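# Coordinates in review
Spelled out from the first residue to the last, the chains are:
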Amino acid sequence: MEEKKVESTNKNVKKVNLLDHNSIKHMLDESVSDIVTSRGYKEDVRLSNMKLILGAVIIAVALVAQFYNKKFPENRDFLIGCIALYVVLNGVMQLIMYTKEKNAILFTYPLEGSFTSTGLIVSSKLPRFSDEYTLTIDSADPKSISAGKSVQFTKSVTQWFTKEGVLVEGLFWKDVEALIKDYANEEPKKKK
């Protein structure tokens, strides 16, 4: 009976290889997304959908160029046009990722029932060969009158992981919750 309890609690444990920088960032980013969405923010997937549609168009252009009915010397101009379109569309995709997405891990809609008209952009950084994880929360529309100020924290990932690579979710949850409250200006009420 005790073995089954230990086994079931181990299934919920988030464990990561501490020597793998990318898996640490991925684990923290997934946890941040879970925390933010649990606070009532709904994920805005419009940018992701736009990128998927653009990617499908790029693939369609490549397939049309590959399987066009005529052989090479006859379809030279058509292939040049397809290659140029492929390069331009990929350039547009990179421009979208560079200007809109940046380091963002989550875009959200505004909270239902709130007076703000902008959602959140949650972004993170974990530089290579560093243990400093930076989490930033910005307004999805910084020019809006209801946009909040940008907030961020930078902490060592060693505060949230055990030596075995298990994420101590309670500590991480507290830090992210505090950052969300700071963005929303929900200062904890002090007893008088």
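As the structure is a computational prediction, the values presented were derived from the model and not from experiment. (Residues numbered from 1 in each chain as written. Predicted model: local features only at pLDDT ≥ 70, side-chain atom pairs only at ≥ 80, totals over all residues. Heavy atoms only, no water.)

Helix and strand content of the protein: five helices and four strands. Tracing the protein from N to C terminus, the helices and strands come up as α-α-α-α-β-β-β-β-α. When each of the 192 residues of the protein is scored for burial, the buried share is 32%. For the protein, contacts bridging at least 24 residues in sequence account for 57% of all contacts bridging at least 6. (Helix = DSSP H or I, 4+ residues; strand = E, 2+ residues; numbered from the N terminus. Buried < 20%, exposed > 50% of the residue type's maximum accessible area, 1.4 Å probe, protein only. Contact = heavy atoms within 4.5 Å.)

It is worth spelling out the side chain of S156 at this point. Tracing the backbone through its elements, the reader meets S156 in strand β4 (residues 151–156). A distance of 2.6 Å separates polar atoms of two side chains, one belonging to S156 and the other to D131. There is a polar contact of 2.7 Å between the side chain of S156 and the side chain of T158. Dropping the residues within four chain positions of it, S156 is found in contact with D131 and E132. (Polar contact = N/O pair within 3.5 Å; in protein donor to acceptor, adjacent residues only side chain to side chain.)

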